Amino acid sequence: MNGQLLSPLSLAFFLAFLLVTAGITWFASRKSRSTSEFFNAGGRVGPLQNGLAMSGEYLSAAALLGMTGAISLKGFDGIVYSIGVFAGWPLILFLVSEPMKRLGKFTLADVIAWRLDRKPIRIAVALASLPIVLLYLITQLVAAGGLIRLMFGLSYLPAVSFVGMIMLCYVFFGGMLATTWVQIIKAALLFSGSAVLVFLLLAHFGFSPAALFAQAVARAGPAITGPTVLPTLARWDTISLAIALVFGALGMPQILTRFLTVAHGRDARRSAFYATGLVGIFHVFVLLLGFGALALIGHDDILKAGGAGNMAVPLLARLLGGDAFFGFICAVSFATMLAVVAGLTLAAATTFAHDIWAGVVKSRSETWMDTGRDPHTQQPRVARTAAVAVAIAAVLLALRFEGQNVAFMVGLSYSIAASANFPVLMLALFWKRLTTSGAVVGMLSGATVAVLMIFLSPTIQIEVLHKGLADVEKQWWFVSLRNPSIVSVPFAFFVSWAVSVMRPQVAEQHGFERMQRVLES
Amino acid sequence: MENHAALGHVFTPSAATAGRRRRLSAIFTAMTLLAVTAFFAVFCFYPELMSMKVAGHMSLGIMLEPGLILLAIMLGFAYIRRADGYDLESVAVDTETQS
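Residues numbered from 1 in each chain as written. Chains lettered and ligands numbered in written order. Predicted model: local features only at pLDDT ≥ 70, side-chain atom pairs only at ≥ 80, totals over all residues.

Regarding its fold elements, chain A presents 22 helices and zero strands. Whereas a compact globule of 521 residues would reach a radius of gyration of roughly 24 Å, chain A reaches 23 Å, a difference of no more than 12%. By its C-alpha atoms, chain A is 65 × 60 × 40 Å across when sized along the principal axes. Burial analysis of chain A (521 residues in total) assigns 61% to the buried set. In chain A, 85% of the contacts between residues at least 6 apart in sequence involve partners at least 24 apart. (Helix = DSSP H or I, 4+ residues; strand = E, 2+ residues; numbered from the N terminus. Rg over C-alpha atoms; globule rule 2.2 N^0.38 Å. Buried ≥ 20, exposed ≤ 12 C-beta atoms within 10 Å, placed from the backbone. Contact = placed C-beta atoms within 7 Å.)

Another aspect to go through is the overall build of chain B. Of regular secondary structure, chain B possesses four helices and two strands. For chain B, the sequential pattern of α-helices and β-strands runs α-α-α-β-β-α. A total of 99 residues make up chain B; the buried ones form 26% of that total. In chain B, the proportion of contacts linking residues at least 24 apart, taken out of those at least 6 apart, comes to 70%.

Below, the discussion takes up unusual backbone geometry. Residue and element names in this part refer to chain A. A positive phi is found at Phe207, a non-glycine position, where the angle reads about 55°. Here Phe207 lies in the loop between helix H8 (156-204) and helix H9 (209-220). Using a count of 11 C-beta atoms within 10 Å as the deciding quantity, one classes Phe207 as exposed. The backbone phi angle of His466 is positive, close to 60°, even though this residue is not glycine.

Residues and elements named next belong to chain A. The N-to-C vectors of helix H18 (residues 436-455) and helix H21 (residues 485-502) enclose an angle of 155°; their axes lie 8 Å apart at closest approach. Comparing their axes, H21 and H18 come out roughly antiparallel. Considering how the two elements wind past one another, H18 and H21 form a crossing that is right-handed. Only Val487, Ser488, Phe491, Ala492, Val495, Ser496, Val499 and Ser500 of H21 make contact with H18, whose side of the interface consists of Ser437, Gly438, Ala439, Val441, Gly442, Ser445, Gly446, Val449, Ala450 and Met453. (Axes fitted to C-alpha atoms, helices over the stretch in contact; angles between N-to-C directions. Parallel < 35°, antiparallel > 145°, perpendicular 65-115°, else oblique. Left-handed = near helix turned anticlockwise from the far one by under 90°.)

This part covers the environment of Leu15 of chain A. With respect to the secondary-structure elements, Leu15 of chain A resides in helix H1 (residues 8-31). Spatially, the C-alpha atom of Leu15 of chain A lies 9.9 Å from that of Ala335 of chain A, the residues being 320 residues apart in sequence.

What follows covers helix H10 (residues 232-248) of chain A. Look at H10 of chain A: 24 Å from first C-alpha to last across 17 residues, which is about the 24 Å you get at 1.5 Å a residue. Taken as a whole, H10 of chain A has its buried residues at Asp237, Thr238, Ser240, Leu241, Ala242, Ile243, Ala244, Leu245, Val246, Phe247 and Gly248 of chain A. (Expected span 1.5 Å × (residues − 1).)

As a general rule, the predicted coordinates of low-pLDDT regions are not to be interpreted in detail. For chain B, the average pLDDT comes to 80, and 75% of its residues sit at 70 or higher. Both scores are given for the predicted complex: the pTM is 0.88, the ipTM 0.86. (pLDDT = per-residue confidence, 0-100.)

The next point concerns helix H14 (residues 312-361) of chain A. For an α-helix, the turn length of 3.6 residues means that residues three or four places apart are oriented alike. All names here are of chain A. Taking 1.5 Å of rise per residue, the 50 residues of H14 would be expected to cover 74 Å, yet its terminal C-alpha atoms sit only 49 Å apart, more than 12% below that figure. If you look at H14, its biggest bend is around 140°, right at Gly321. Extensive coverage of H14 is indicated by the burial of 42 of its 50 residues. (Bend = angle between axes of the 7 residues up to and from the residue.)

Next up on the list: the interface of chain B and chain A. Often, the extent of an interface is quoted as the loss of accessible area upon association of its parts. On the chain A side, the residues contacting the 41 residues of chain B number 39 residues. When contributions to the side of chain B that touches chain A are tallied by element, the ones reaching two or more residues are helix H1 (3-8), helix H2 (15-45), helix H3 (47-51), strand E2 (58-59) and helix H4 (60-98) of chain B. No other element matches the 16 residues that H4 of chain B contributes to the side of chain B that touches chain A.

Core analysis: the biggest nonpolar cluster contains 212 residues, and Ile112 and Leu141 of chain A have the highest contact counts within it. In terms of residues, this core owes the most to one element, H14 of chain A, which gives 30 residues. (Core = buried A, V, L, I, M, F, W, Y, C linked by C-beta atoms within 7 Å.)

Residues and elements named next belong to chain A. Looking at the secondary structure, you find Ile243 in helix H10. Separated by 52 residues in the primary sequence, Ile243 and Ala295 have C-alpha atoms spaced 32 Å apart. Dropping the residues within four chain positions of it, Ile243 is found in contact with Ala418, Ser485, Ile486 and Val489.

Let's shift gears to the confidence of the model for chain A. Of the residues in chain A, 94% have a pLDDT of 70 or more, and the chain-wide mean is 85. Within chain A, no element has a lower average pLDDT than helix H15 (residues 368-371) of chain A, which sits at 50, and none a higher one than H21 of chain A, at 95.

Next up on the list: the environment of Thr336 of chain A. Residue and element names in this part refer to chain A. Inspection of the secondary structure assignment puts Thr336 in helix H14. According to the C-beta neighbour criterion, Thr336 is buried, with 27 such atoms within 10 Å. In this structure, the C-alpha to C-alpha distance between Thr336 and Gly298, residues 38 residues apart in sequence, is 26 Å.

Moving on, we come to the packing of H1 of chain A against H8 of chain A. All names here are of chain A. For the pair H1 and H8, interaxial distance at closest approach is 8 Å and the crossing angle is 125°. Of the possible angle classes, the one that applies to H1 and H8 is oblique. Here H1 runs over H8; the crossing is right-handed. Residues Val20, Thr21, Ile24, Thr25, Ala28, Ser29 and Lys31 of H1 lie in contact with H8, whose contacting residues are Cys169, Tyr170, Phe173, Gly174, Gly175, Leu177, Ala178, Trp181, Val182 and Ile185. Classifying every residue of the contact of H1 with H8 gives 11 nonpolar, five polar and one charged. (Nonpolar A, V, L, I, M, F, W, Y, C, P; charged D, E, K, R; others polar.)

Right, here's the structure in full:
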């Protein structure tokens, strides 16, 4: 299949996207002179724009191609991921949208550290956040390399290097403003492309979803519209996966920092609502497209196209819309990957420049939060340097992981976000007695338990290290669960609670009251 | 004061308003978590219920996905309406106190 899908129309659409985004980056580079402009677009992004950018940040190629592919191959069982990741969005709206805006400046650590000792919190948040972002980034690059090879016929090394170079240009020259507009354009293209495809699909079935599902059932059997009966362990594994997906979204730095780009709390609420609506509608599209591909193309032909079901949407686009539409969908998929990796690179660079370099290495006893002005005007320069380092490291790691199953990295990324950032963020916002020691120990222990459990699980031991099940399942250290969150999330809550209760800090409790006044103002 | 301007106005809400905002957030979070927990509990422990046909070849499980999404969007809409309402009430109280 390699290269067979190459089309001049795909290239034309993709080049148009590159040209438009290059223009935006040039424009943004002239605007992003101050620290605030570089890191949060000066807080001037509108709620609808930010909602689009947030949904763009979340909707990776994995969402369009991967989830649709999973539904087209597994039927109803593929929906679990879709519901899990969507459910985090209303919770972001209700729990963290306003506090993030009211307490944060550039990063997630600003919010958690607001009333606690800033240095250790910044180090702990960076130690947890950088792996989350890097793991996600590597997964996206590996997937991008594979898909570009499938769609455009480029070999892996130039494909990954090209994506790495473009994402670096967006971040290096344009900062948050360029990245935001790249996300907005990509989200608009993704939604319009998917909407047209759904329209064509429904038109094919006389606008009757029942007829669509009837054909899917006729092709794959009635069991395809219901869940598979799971054995006991798999049931708990699914619940554990759901915990990671639902709560992981509330700990993802690249999503949460988007609330810092709007003007005030009300806009933060609205952008979270728009993002919830857009992501929700997109998941309905995914459901229809997955079953539509199953009905019209069939399980075997989707598998034959390669990419473990990832080609279901492009094949459906070619069938219903011809070569021009197929080219458009391929270009949108590529643009999607570029935009997501740019957002991730910016999040990693900001964490390094603001939390580690300015907050720890160059911090003074009196920080900008106390004086009301930022003494570290070099932060954008440091962030640009960090972005180069992150891009090089991510491309090199993506080359190292070529052809390997890196799906576990997304799970790991969500598990660390759910186990490290989410519990401490919730306790920092809603529990008066949380202390600095409780937050640091809770965050690091949650991340450690999540990583350790995944390393000892069948995901790594059998699928990555290729050990025999019979050999490892007898070992005392073997963890049968593939997803650690059912253990690691409560564990992080418990550790934070226990450490905070054992060594209470009255001053930090007073800080909680001050924080409440800021949140309510 | 126009609603739009009022919502951008800096004010100090009363303790009662602040308490209501916290309760609002807690109630909507609990409703969302309840719906998601119910979905995954049925998915894992009562899969036959989700396989039940409700319209033609469409199962209850398939109807539940857009249903849950619609519920979340409606909850989100209700939430921002209420939160905006509380902001406006706080501005009114604040303006009254200052005058």
